[in-house]
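For reference, the chains in residue letters:
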Amino acid sequence: MLKIRYYGDPVLRKKAEKVTEFDSDLEQIVKDMLETMYVNSGIGLAANQVGILKQIIVIDTGTKEKPDIKILINPEIVNCSKEKTEYEEGCLSFPGLLEKIQRPAQITVKCQDIKGNICEFDADGLLSIVIQHEYDHINGILFIDKMSPVKRLVHNKKLSEIKKLSKEKK
Ligand SMILES: [Zn+2]
């Protein structure tokens, strides 16, 4: 089990580095990230959120009975639709904070799998949203950056509470 980093932790603002070794260490990180995500009832987790500055994302938009796991290593969003969609997003690094965020509806992703094989696929619906949210994480971008100043103001109190929590955890 890895420790989730909360808003206020500088690691969330750093850009993650490309994975170059597709070895058993990577497999272990992915395994630990999945476990951490499930324990915290998340549907996506980026390595920054557990203090690892590598371009690793784990996602499961399925159910307990029918998991739908996606492991994205070194992902790139190579195409975005003009059409936008809005979804109420949460983030394991922002406990208790939910807000509607607008993003492109469809994307094309290029990435590597856990063995280093290159893959490219299209995503829409919830999967597209989760990939974009996690992709932002590995680039040091947070979902509050996508909120209007007014919306952010609304969450000001909650944000300072989370920041405090982040300091206490250290
Ligand atoms: Zn997040």
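Further up the page is the structure itself.
Note that the structure is predicted; figures quoted are calculated from it, not measured. The residue numbering used here restarts from 1 in each chain and proceeds along that chain's sequence as written. Totals for whole chains, interfaces and linings use every residue, but because this is a predicted model, local features are given only for residues with pLDDT of at least 70 and side-chain atom pairs only at 80 or more, for both listing and counting. Think of the side-chain values as coming from all heavy atoms in the structure, minus any hydrogens and water.

Participant: What's the story with the state of the cysteines in this structure? I'm lost.
Facilitator: Here, the word disulfide means a covalent bond between the sulfur atoms of two cysteines. We call a pair of cysteine sulfur atoms a disulfide when they lie within 2.5 Å. Throughout the structure, instances matching the rule amount to 0 disulfides. No disulfide involves Cys111; its sulfur sits 3.7 Å from the nearest other cysteine sulfur, which is in Cys119.

Participant: I'm lost on the environment of Lys110 in this one. Help?
Facilitator: Considering the arrangement of structural elements, one finds Lys110 in strand β6 (residues 107-112). For Lys110, a relative accessible area of 35% translates into the label partly exposed. Through-space distance from the C-alpha of Lys110 to that of Glu120 is 4.3 Å; in sequence the pair is 10 residues apart. The contact criterion used is simple: two residues touch if any of their non-hydrogen atoms lie within 4.5 Å. Residues contacting Lys110, with those up to four places away along its chain left out, are Asn74, Pro75, Glu76, Val78, Ile118, Cys119 and Glu120. Each helix is a run of H or I in the DSSP string that is no shorter than four residues. Each strand is a run of E no shorter than two, and both are numbered from the N terminus. Each residue's exposure class comes from its accessible area (1.4 Å probe, protein chains only) as a fraction of the maximum for that residue type: buried when under 20%, exposed when over 50%, partly exposed otherwise.

Participant: Before we go on, may I ask you to explain the coordination of the zinc ion in this structure?
Facilitator: In a perfect tetrahedron of four donors around a metal, the angles come out at 109.5 degrees. In a perfect octahedron of six, they are 90 or 180 degrees. At 2.0 to 2.2 Å from the zinc ion lie its protein donor atoms, namely Cys91 (SG), His133 (NE2) and His137 (NE2). For Na, K and Ca the donor cut-off is 3.2 Å, and for all other metals it is 2.8 Å, counting N, O and S atoms only; because water is absent from this set, sites may look incomplete. Spacing between the donor residues of the zinc ion along their common chain follows C-x41-H-x3-H. Placement of Cys91 in the loop between β4 (84-89) and β5 (99-104) and of His133 in helix α2 (residues 125-138) is noted, with a sequence separation of 42 residues between them. Neither Cys91 nor His133 differs from the other in exposure class; each is buried.

Participant: Would you explain unusual backbone geometry in this entry?
Facilitator: One can expect most non-glycine residues to show negative phi and most peptide bonds to be in trans. Of note in the backbone geometry, Ser41 takes a positive phi value of approximately 55° without being a glycine. Here Ser41 shows up in the loop between α1 (24-39) and β1 (44-46). A residue is classified by how much of its surface remains accessible, and Ser41, at 64% relative accessible area, is exposed. In the Ramachandran plot, Asn74 falls in the positive-phi region, its phi being about 50° despite a non-glycine side chain. Overall, the relative accessible area of 5% leaves Asn74 in the buried class.

Participant: Just checking my understanding: could you explain the nonpolar core for this structure?
Facilitator: In a soluble, globular protein the nonpolar side chains are often hidden away together inside. What is meant by a nonpolar core is a set of buried Ala, Val, Leu, Ile, Met, Phe, Trp, Tyr and Cys residues, joined one to another through side-chain atoms within 4.5 Å. Membership of the largest hydrophobic core comes to 30 residues, with the highest contact counts inside it found for Met33, Leu45, Ile56, Phe94, Leu97, Phe143 and Ile144. Elements that contribute at least two residues to this core include exactly α1, β2 (56-60) and α4 (156-169). Tallying contributions element by element places α1 first for this core, with 6 residues. Residue contacts for Met33: discarding those within four places in its chain leaves Leu2, Leu45, Ala46, Ala47, Val50, Ile56 and Val58. Among the nonpolar cores identified, the runner-up in size contains 13 residues, and Leu72, Ala123, Leu127 and Ile138 belong to it.

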